[in-house]
2 protein chains.
Amino acid sequence: MAYADVFKALSDPVRREILTMLKEKRMAAGEIVARFDVSGATISYHLSILKKAGLVFETREKNFIYYELNASVLEEVLLWIHALRGVSDGEIKE
Amino acid sequence: MAYADVFKALSDPVRREILTMLKEKRMAAGEIVARFDVSGATISYHLSILKKAGLVFETREKNFIYYELNASVLEEVLLWIHALRGVSDGEIKE
DNA sequence: CTCCTATTTAGATTTTTCTCTAAACAGATT
DNA sequence: AATCTGTTTAGAGAAAAATCTAAATAGGAG
């Protein structure tokens, strides 16, 4: 996992919105496209960036491609930020 | 706090490195510049982006400007990611 | 008040990102 | 095998980001 890829992926509003949608349920690319006011090609581009960051994975069924959130990468980012934040009030200092 | 600004700020390796340095101790702009292989103007630009995102704040002393990490914004980002990640294994489902 | 040191701002350039339309591809259906 | 549906890839253009050098600013120090 490359933090650069993940934070870059998270830095775009369309991509954050896609992730939020995928939190509810997996969706086919076309379903996602339908919810935005941009071309299918553009959504496909955003999905490729999310995929490269490891934030989503796809499963092919019939001629649909379903996208799903990959929580494990989020876990790693959570750890990075947590470490940066450092030891805070509620926690035990060594 | 705008997530766009924060994630954009975190998406650059130089800026992430600056934050990591600031975790240890506050630093003057010049000290930061000394640790990178880019011009002072460039670091100043990165600092302005971190400041805009609320990830750092500055305190002026003599003719130095010291930069410090602002953990509270990290806290908010942590919450956003946590919410996106959703309910996971160890937690109680409602 | 002039000079020095620390830092930022301005302006220009290169690179990267986002978006589009059009074309290609992949898999099912007829 | 021809076609239709869902999606991606290619190529191009516009906008935003990152970097540089040079100039400006701000605050001490002499």
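Residues numbered from 1 in each chain as written. Chains lettered and ligands numbered in written order. Predicted model: local features only at pLDDT ≥ 70, side-chain atom pairs only at ≥ 80, totals over all residues. Heavy atoms only, no water.

1. Overview of the relation of the copies chain B and chain A
For the match of chain B to chain A, the screw axis carries a shift of 0.0 Å, the RMSD comes to 0.0 Å, and the turn is 180 degrees. Such a turn and shift between the copies fits a two-fold axis. The share of interface residues of chain B whose copies in chain A are also at the interface is 100%, consistent with both copies meeting through the same surface. (Least-squares fit on C-alpha atoms with pLDDT ≥ 70 in both. Contact = heavy atoms within 4.5 Å.)

2. Thoughts on unusual backbone geometry
Look at Lys62 of chain A: it is not a glycine, yet its phi comes out positive at around 55 degrees. Summarising the element assignment, Lys62 of chain A is placed in the loop between strand 2 (56-61) and strand 3 (64-69). (Helix = DSSP H or I, 4+ residues; strand = E, 2+ residues; numbered from the N terminus.)

3. Digging into the protein's contact with DNA strand D
In the vicinity of DNA strand D lie 22 residues, with Gly30 and Tyr67 of chain A together with Thr42, Tyr45 and His46 of chain B positioned nearest. Of everything in DNA strand D that lies within 4 Å of the protein, sugar and phosphate atoms constitute 75%. Interatomic distance of 2.8 Å between a side-chain N/O atom of Tyr45 of chain B and a phosphate oxygen of DNA strand D. Taking His46 of chain B, its side chain carries an N or O atom lying 2.4 Å from a phosphate oxygen of DNA strand D. Elements with a minimum of two residues in the surface near DNA strand D: helix 3 (29-34), helix 4 (40-52) and strand 3 of chain A together with helix 4 (40-52) of chain B. Per-element accounting of the surface near DNA strand D gives the leading share, 5 residues, to helix 4 of chain B. Of the residues contributing to the surface near DNA strand D, the split by class is 10 nonpolar, 8 polar and 4 charged. (Near = heavy atom within 4 Å. Polar contact = N/O pair within 3.5 Å; in protein donor to acceptor, adjacent residues only side chain to side chain. Nonpolar A, V, L, I, M, F, W, Y, C, P; charged D, E, K, R; others polar.)

4. Comments concerning the interface of chain B and chain A
One frequently used descriptor of interface size is the decrease in accessible area upon assembly of the parts. Each partner contributes residues to the interface: chain B has 23 residues there, and chain A has 23 residues. For the pair chain B and chain A, the summed buried surface comes to about 2200 Å²; carbon and sulfur atoms form 74% of the total. Per-residue buried area on chain B facing chain A is highest for Leu78, Leu84 and Arg85 of chain B; these three make up 28% of the total on that side. Measuring nitrogen to oxygen at the nearest pair gives 2.5 Å for the salt bridge that ties Arg85 of chain B to Glu75 of chain A. (Buried area = accessible area lost by both parts, 1.4 Å probe. Salt bridge = Lys/Arg side-chain N within 4 Å of Asp/Glu carboxyl O.)

5. Quick look at the sheet that holds strand 2 (residues 56-61) of chain B
Remark on secondary structure: sheet strands pair via backbone hydrogen bonds, oriented parallel or antiparallel. Residues and elements named next belong to chain B. The 3 strands are arranged 1-3-2 in an open sheet whose pairing can be described as antiparallel. Either end of the sheet is taken by a strand with one partner, and the two such strands are strand 1 (27-28) and strand 2. Here strand 1 runs beside strand 3 (residues 64-69); their pairing, made up of 2 bridges, is antiparallel. Paired with Met27 across the strands is Tyr67, a residue of strand 3. Strand contacts of helix 4: strand 2 and strand 3, with the helix running at about 115 degrees to strand 2, the strand carrying the most contacts. (Pairing = 2+ DSSP bridges. Axes fitted to C-alpha atoms, helices over the stretch in contact; angles between N-to-C directions.)

6. Here we look at helix 5 (residues 71-85) of chain B
Here helix 5 of chain B spans 21 Å end to end across 15 residues, near enough to the 21 Å set by a 1.5 Å rise per residue. Those residues of helix 5 of chain B not exposed but buried are Val73, Leu74, Val77, Leu78, Trp80, Ile81, Leu84 and Arg85 of chain B. Viewed along the axis of helix 5 of chain B, the buried residues span an arc of 160 degrees, placing them on a single side of the element. Where the residues of helix 5 of chain B are buried, they touch helix 1 (3-10), helix 2 (13-24), strand 3 and helix 5 (71-85) of chain A together with helix 1 (3-10) of chain B. Immediately beyond the C-terminal end of helix 5 of chain B, within one or two residues, lies Gly86 of chain B, with a positive phi of roughly 80 degrees. (Expected span 1.5 Å × (residues − 1). Buried < 20%, exposed > 50% of the residue type's maximum accessible area, 1.4 Å probe, protein only. Arc of directions from axis to C-beta.)

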